[in-house]
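Next come the chains, spelled out residue by residue.
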Amino acid sequence: MRYERAMQDLALYIHWPFCLSKCPYCDFNSHVRERIPEARFVSALRRELEFEAGRLGPRQVNSVFFGGGTPSLMQPESVAALLGDVRRLFTVAPEAEVTLEANPTSIEAGRFRGYRAAGVNRVSIGVQSFDDAALKFLGRAHSAGQAKAAIALAREIFPRLSFDLIYARPEQSLPQWQAELDTALSLAADHLSLYQLTIEQGTKFATLYGRGAFRLPDDDTAAALYEATENAAARYGLAQYEISNYAKPGGESRHNLAYWRYQDYAGIGPGAHGRLTLGGALFATSRHRAPEIWAELVEQKGSGSTLEEEIGVQDRGREALLMGLRLSEGIGFAQFEARTGIPLRDALEARVLELALAEDYLRQTETHLIATAEGRKRLDALLPELAR
Ligand code: SF4
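Remember, it's a predicted structure, so these values are computed and weren't measured experimentally.

**Here's the deal with helix H3 (residues 76–89)**
With 14 residues, H3 extends 20 Å between its outermost C-alpha atoms, agreeing within 8% with the 20 Å of an ideal straight helix rising 1.5 Å per residue. Residues of H3 that are buried include every one of Pro76, Ser78, Val79, Leu82, Leu83, Asp85 and Val86, and no others. At its buried positions, H3 is contacted by strand S1 (10–16), helix H2 (38–56), strand S2 (60–68), strand S3 (91–102) and helix H5 (112–118).

Structure below.
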């Protein structure tokens, strides 16, 4: 019963598509413009929010996440206006998590107090490294010193704080990463996101990597770096609750948990995706990716929607499986069935499940199917085989 109610609650994502420059590893929907048309885009976001609220009806919002792009390029007044709309259009849970992604340049850090006054209670800072040479390689506009200053300031202002690092970079040795990790963990508050560098299609790094301009650590080194990450985080009291995410108890990102638990979420802004229960059926929603085309569509018809598609039972099962096994808590049998309409076993290839259980990549309790630590390392290979 509680879960059914949670299904109808909402996680709300708001996408700000602009950045000061494009990082060479990034395949997010982020764009560089000589002048950011902030007033136009804030108006369009507000209009699309009205549109979404209109068709969703009364819902309780448990989390709001300003992602990007670089939402910390928005003026605090813009964030305040959007949050004012969210409060007017929805019931916002008293303990709702309101996160804003920020980059640690001094201009953006200077806006932190304004964001806090607007209602943001958690920031997620794109630190990426505490090594200036690595920051340069990653195309970041800030220094390690600025990152530390932004973290210190954020800790004074916000009740909750996360920051991201990228590891398994070219030439990165285990001792180097351990030292960087110690710095990170000593500065961490309740949450850290630690991602392995991956080469995404269509990025500048994909071209450079294809030309042999740099190499990534081999599989054994990457595995050693991953294991060192998990161990070091545990020493500092941050548990791995998702493949790349670590938190103190209660510090987990409630917004991202809604994705991984396959609950309802609405996505506002260019390229944003949603999974929404409407009229008893589950729909996939998406918005046009190109910022200016999205804004035009919103101005013409209230929303930049490109796709509204009902998700069939089999696809619901597959999606819930792909998301849920990323979590250390695994997938609850009852929750899975309530959300997808089929028992978890019906979404799995029986032979692969048996093998994965025998190899200790998966384990079952009375209530959950869980990927073990070994299984989580192989999830990318395992999941396509496991899902029906
Ligand atoms: S700042 Fe973030 S969103 Fe923008 S280009 Fe860099 S990684 Fe991508």
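Still more ground to cover, so stick around.
**Overview of unusual backbone geometry**
Residue Gly69 is reached from Gly68 by a cis peptide bond, and omega for that bond is 20 degrees. Considering the arrangement of structural elements, one finds Gly69 in the loop between S2 and H3. Notably, Glu171 is not glycine yet its phi reads approximately 65 degrees, a positive angle. Take Glu171: its relative accessible area is 71%, and that puts it in the exposed class. Although it is not a glycine, Tyr262 sits at a positive phi angle of roughly 60 degrees. As for its position among the elements, Tyr262 is in the loop between helix H11 (254–260) and strand S9 (265–268). The buried category is assigned to Tyr262, whose relative accessible area is 3%.

**Details of the site of the ligand**
Residues in contact with the ligand, as listed here, are Cys19, Ser21, Lys22, Cys23, Tyr25, Cys26, Phe28, Ser30, Gly69, Thr70, Asn103 and Arg140. Within the shell around the ligand, the residues separate by chemical class into five nonpolar, five polar and two charged.

**What about the packing of aromatic side chains?**
Given two aromatic rings, one states the distance between the centres and the angle between the planes to describe the pair. A complete count under the given rule lists 15 aromatic pairs for this structure. For the ring pair Trp16 and Phe18, a centre distance of 5.6 Å and an interplane angle of 80 degrees mean the geometry is edge-to-face. Taken individually, Trp16 and Phe18 each receive the classification buried, so the pair is uniform in this respect. Counting every residue linked through ring pairs, the aromatic cluster contains Tyr25, Phe137, Phe205, Tyr209 and Phe214. Of note, Arg339 hangs over the ring of Tyr262, and the distance from its end group to the ring centre comes to 5.4 Å.

**Remarks on the environment of Ser63**
Counting through the fold element by element, Ser63 comes out in strand S2. Beyond its immediate sequence surroundings of up to four residues, Ser63 is in contact with Leu10, Ala11, Leu12, Glu97 and His255. Among the polar contacts made by the side chain of Ser63, one reaches the side chain of His255 at a distance of 2.9 Å.

**A few points about the nonpolar core**
Grouped together as the largest cluster of nonpolar side chains are 91 residues, with contacts concentrated most on Phe66, Ile125 and Leu325. Examining the composition of this core, we find that seven residues originate from one element, H2, more than from any other. Of all hydrophobic cores here, the second largest spans eight residues; its members include Tyr25, Cys26, Ile166 and Phe214.

So, how was this worked out
- Residues numbered from 1 in each chain as written.
- Predicted model: local features only at pLDDT ≥ 70, side-chain atom pairs only at ≥ 80, totals over all residues.
- Heavy atoms only, no water.
- Helix = DSSP H or I, 4+ residues; strand = E, 2+ residues; numbered from the N terminus.
- Expected span 1.5 Å × (residues − 1).
- Buried < 20%, exposed > 50% of the residue type's maximum accessible area, 1.4 Å probe, protein only.
- Contact = heavy atoms within 4.5 Å.
- Near = heavy atom within 4 Å.
- Nonpolar A, V, L, I, M, F, W, Y, C, P; charged D, E, K, R; others polar.
- Phe/Tyr/Trp six-rings, centres within 6.5 Å; stacked < 30°, edge-to-face > 60°.
- Lys NZ or Arg CZ within 6 Å of the ring centre and 35° of its normal.
- Polar contact = N/O pair within 3.5 Å; in protein donor to acceptor, adjacent residues only side chain to side chain.
- Core = buried A, V, L, I, M, F, W, Y, C linked by side-chain atoms within 4.5 Å.

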